[in-house]
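# Structural characterization, general
Spelled out from the first residue to the last, the chains are:
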Amino acid sequence: MIALLVLATTVLALSSGAIAATWRRYGQAARGARREWLECPQTREVRFQIIEYGAKPVAQVIALPVRPKAPAPYRQPLRAAA
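These figures come from a predicted structure and were not determined experimentally.

## Topic: a nonpolar patch on the surface
Among the surface-exposed residues, Leu-4, Leu-7 and Val-11 lie close enough to one another that they form a single nonpolar patch of about 300 Å² accessible area. Along the chain, Leu-7 falls in helix H1 (residues 2-39). For Leu-7, a relative accessible area of 52% translates into the label exposed.

## Describing H1
A rise of 1.5 Å per residue sets the reference length of H1, with its 38 residues, at 56 Å; its end C-alpha atoms lie 54 Å apart and thus fit the reference within 8%. Helix geometry: H1 is bent most strongly at Tyr-26, by close to 60°.

What counts and how
- Residues numbered from 1 in each chain as written.
- Predicted model: local features only at pLDDT ≥ 70, side-chain atom pairs only at ≥ 80, totals over all residues.
- Heavy atoms only, no water.
- Patch = residues over 30% accessible without salt bridge, like charges linked within 9 Å, V, L, I, M, F, W, Y side chains within 5 Å.
- Areas by Shrake-Rupley, 256 points an atom, 1.4 Å probe, with all protein chains shown as cover.
- Salt bridge = Lys/Arg side-chain N within 4 Å of Asp/Glu carboxyl O.
- Helix = DSSP H or I, 4+ residues; strand = E, 2+ residues; numbered from the N terminus.
- Buried < 20%, exposed > 50% of the residue type's maximum accessible area, 1.4 Å probe, protein only.
- Expected span 1.5 Å × (residues − 1).
- Bend = angle between axes of the 7 residues up to and from the residue.

Next comes the structure, spelled out in structure tokens:
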């Protein structure tokens, strides 16, 4: 039980340290990323133009004959030699 508690504490300490180090390194960039994305001219101006030429495709259903599969012929089971 104590070994499990020590293991859990160690994992918690290591993961907390890794999160803190990552936040110190990339936190400022993460906070400014949304602002930079909104200020980007390519992001602010997006235009769509949908052009369709010709007639709309018409679906055509072809009815094929469906036949049930014939059951396998019945074979007598082999009998053991007496």
